[in-house]
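Overview (structure and organization)
Listed here are the chains, written in short residue letters.
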Amino acid sequence: MTNRYISEIVREQDPLMLPPDASVAQACERMCARHVGAVLVADRAHHLLGIFTGRDAVRALGRGCDARHTHLDAVMTTGPATIRPDAHAIDALRLMSDGGFRHLPVVEKGKVIAIVARSDFEGLELDRFEEEKALWEHIG
């Protein structure tokens, strides 16, 4: 299949979510244990507050923050782009490419339900996106 719905890609996913007062160290430990590159920062009702990625961790540590005492809300990316589960894979790939990021929260009715990463997409989806991008570069 060349253009799955996001809901097909994230089916039965249990995204890694932490509250905004979790520490950078806790987030990094959980990311490592789950082999993921991002944590969705959400409130108790699963409303998205931000996203914390490996890039955010590097920036925070590079500024000298204490990972055990720095809360995610102090170093997370606020207002991240999101996508709905009824969108297509190509839409997610476009958003990630245009924004220069690799993780995209999936939100429905204001609540986090999943996250997609560039690595979640299949060869044909990536091929189609690269062809589209090359066409736009040729035209532009």
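Model, not experiment: these values are computed from the prediction.

1. A word on the overall build of the protein chain
Across its full length, the protein chain holds 6 helices and 6 strands. Its C-alpha radius of gyration of 16 Å places the protein chain within 12% of the 14 Å reference for a compact globule of 140 residues. In terms of overall dimensions, the protein chain has C-alpha extents of about 50 × 30 × 25 Å along its principal axes. Here the protein chain holds 140 residues, and the buried ones make up 39% of them. Across the protein chain, every contact between residues at least 6 apart in sequence was considered, and the portion connecting residues at least 24 apart equals 59%. Total accessible area computed for the protein chain in this model is approximately 8200 Å², and 52% of it derives from carbon and sulfur atoms. Of the charged side chains in the protein chain, 17 are positive and 21 negative, and the gap between their average positions amounts to 4 Å.

2. Overview of helix α2 (residues 24–34)
Within α2, the full set of buried residues consists of V24, A25, A27 and M31. Along the long axis of α2, the arc covered by the buried residues comes to 160°, so they all point the same way. Residues of α2 that are buried make contact with β1 (17–18), β2 (38–42), β3 (48–53), α3 (54–62) and α4 (72–75). Once α2 ends, the next one or two residues include H35, with phi positive near 60°.

3. Describing the pairing of strand β5 (residues 103–108)
Across the 6 residues that make up β5, a large majority, 5, are buried. Pairing geometry for β5 and strand β6 (residues 111–117), over 6 bridges, is antiparallel. Directly across from P105, in β6, lies its bridge partner I115.

4. What to know about helix α5 (residues 89–99)
Among all positions of α5, only A89, I90, A92, L93 and M96 are buried. Projection of α5 onto a plane perpendicular to its axis shows the buried side chains occupying an angular sector of 160°, all on one side.

5. Things to note about the side chain of H103
Position of H103 among the secondary structure elements: in strand β5. The exposure class of H103 is buried, given its relative accessible area of 17%. Apart from the residues lying within four places of it in its own chain, the contact partners of H103 are G37, A38, I51, T53, M96, I115, V116 and A117.

6. Comments concerning the sheet that holds β1
Reading across from one edge, β1-β2-β3-β4 is the order of the 4 strands in this open sheet, with mixed pairing throughout. The sheet terminates laterally at β1 and β4 (77–78), the two strands that pair on one side only. Taken together, the 5 bridges between β2 and β3 define a ladder with antiparallel strand orientation. Bridge pairing links A42 to L48 in β3. Together, β1, β2 and β3 form the strand contacts of α2, whose direction differs from that of β3 by roughly 70°. On the sheet, α3 packs against β3 and β4 and is oriented at approximately 75° with respect to β3.

How each quantity is defined
Residues numbered from 1 in each chain as written. Predicted model: local features only at pLDDT ≥ 70, side-chain atom pairs only at ≥ 80, totals over all residues. Heavy atoms only, no water. Helix = DSSP H or I, 4+ residues; strand = E, 2+ residues; numbered from the N terminus. Rg over C-alpha atoms; globule rule 2.2 N^0.38 Å. Buried < 20%, exposed > 50% of the residue type's maximum accessible area, 1.4 Å probe, protein only. Contact = heavy atoms within 4.5 Å. Areas by Shrake-Rupley, 256 points an atom, 1.4 Å probe, with all protein chains shown as cover. Lys, Arg positive; Asp, Glu negative; His and termini not counted. Charge placed at Lys NZ, Arg CZ, Asp CG, Glu CD. Arc of directions from axis to C-beta. Pairing = 2+ DSSP bridges. Axes fitted to C-alpha atoms, helices over the stretch in contact; angles between N-to-C directions.

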